Amino acid sequence: MKGAIITMIIIGVIFAGVYGAIMVHGGEAKVSTTVYVLENNTKVQSITPGENVKIAVEVKNEGSTSFSLSGQVPVFAYANIYLDNGELKKIEEVSYTSNHVVCHVVNLNPGEKYTAYIDWSVPENVSGVVYIEAWAGSAPKANTTVMTKSTQAAGSYGSSDVYVSTDSLIYYSGNTVYITITNYGDSDAMFQAGFEVVNDAGTVVYSTLGSGYVLLHGGDSVEYQWTVPSDLQSGIYYIYSGANGESAQIYIY
């Protein structure tokens, strides 16, 4: 096996977003940030060069005490845009700021959310994978990725040499399944991030597919984990990647 250098582009995540989290106030407030892209108020996983979209920066207080997000209304938000074609290359910075603000402390009580929206005009010359890092107010940074539609149409990335493996063949309720997806080919492979678990009858029992894209160079791998639910029936299960029809077979007692 070639040396595995993990290149993760999800992260992800457009549909679910990749989030950052911080603990504040003695660990009582847990604040997370999720980033995703909207086109006509719909979450998307791919963008078209030249179109206008919105970068949504959603902050949620998942803790048990109030969190001070900002000392002004509206809350300012910022995003760094990168191309990821093997390495990150920053192409621009965009933000949501206002000339008219009100000095008012924006607090998020437990369970509350605040979403800031950044207008972004996608450059005409963008192609490949776009990596977006964004944050709002005092909340932590988070990131997500999208793929340009021109890249999808070109079909410049293959995934026929991508295979799935696990750390064992047999698992029991509560065990953690360590899943490795590896590109054994010589060229880059791009496909949906995540994985899905299918039982012997062909029913999907768990899936994280649709949460962005992953780009693996030749010899690279990406790793995931899945905990076997206590109510899952014993039997043969198959783990698929978003790359192709190849799967890893496991048995659950």
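Analysis parameters
Residues numbered from 1 in each chain as written. Predicted model: local features only at pLDDT ≥ 70, side-chain atom pairs only at ≥ 80, totals over all residues. Heavy atoms only, no water. Salt bridge = Lys/Arg side-chain N within 4 Å of Asp/Glu carboxyl O. Helix = DSSP H or I, 4+ residues; strand = E, 2+ residues; numbered from the N terminus. Buried < 20%, exposed > 50% of the residue type's maximum accessible area, 1.4 Å probe, protein only. Polar contact = N/O pair within 3.5 Å; in protein donor to acceptor, adjacent residues only side chain to side chain. Phe/Tyr/Trp six-rings, centres within 6.5 Å; stacked < 30°, edge-to-face > 60°. Lys NZ or Arg CZ within 6 Å of the ring centre and 35° of its normal. Pairing = 2+ DSSP bridges.

Draft legend 1. Quick look at the pattern of salt bridges. Considering all chains together, one arrives at 3 salt bridges under this definition. A salt bridge links aspartate 119 to lysine 54; its shortest N-O distance comes to 2.5 Å. Taken as a pair, aspartate 119 in strand 10 (residues 113–121) and lysine 54 in strand 5 (residues 52–61) lie far apart in primary sequence, 65 residues in all. The class for aspartate 119 is exposed, based on a relative accessible area of 54%.

Draft legend 2. The side chain of serine 32, seen in detail. Assignment of secondary structure puts serine 32 in strand 2 (residues 29–39). We classify serine 32 as buried; its relative accessible area is 4%. A distance of 3.4 Å separates polar atoms of two side chains, one belonging to serine 32 and the other to glutamate 62.

Draft legend 3. Representation of the packing of aromatic side chains within the structure. Taken as a whole and judged by the stated rule, the model has 8 aromatic pairs. Of the aromatic side chains, those joined through ring pairs into one cluster are Phe195, Tyr206, Tyr224 and Trp226. The cationic tip of lysine 141 hangs over the ring face of tryptophan 135; the distance from NZ or CZ to the ring centre is 4.6 Å.

Draft legend 4. Molecular detail of the sheet that holds strand 7 (residues 77–84). Read across the open sheet, the 5 strands follow the order 4-12-11-7-8; overall the sheet is mixed. Each edge of the open sheet is held by one strand with a lone partner, namely strand 4 (46–47) and strand 8 (88–96). Note that strand 7 and strand 8 share 8 bridges and pair antiparallel. Counterpart to tyrosine 82 in the pairing with strand 8 is lysine 90.

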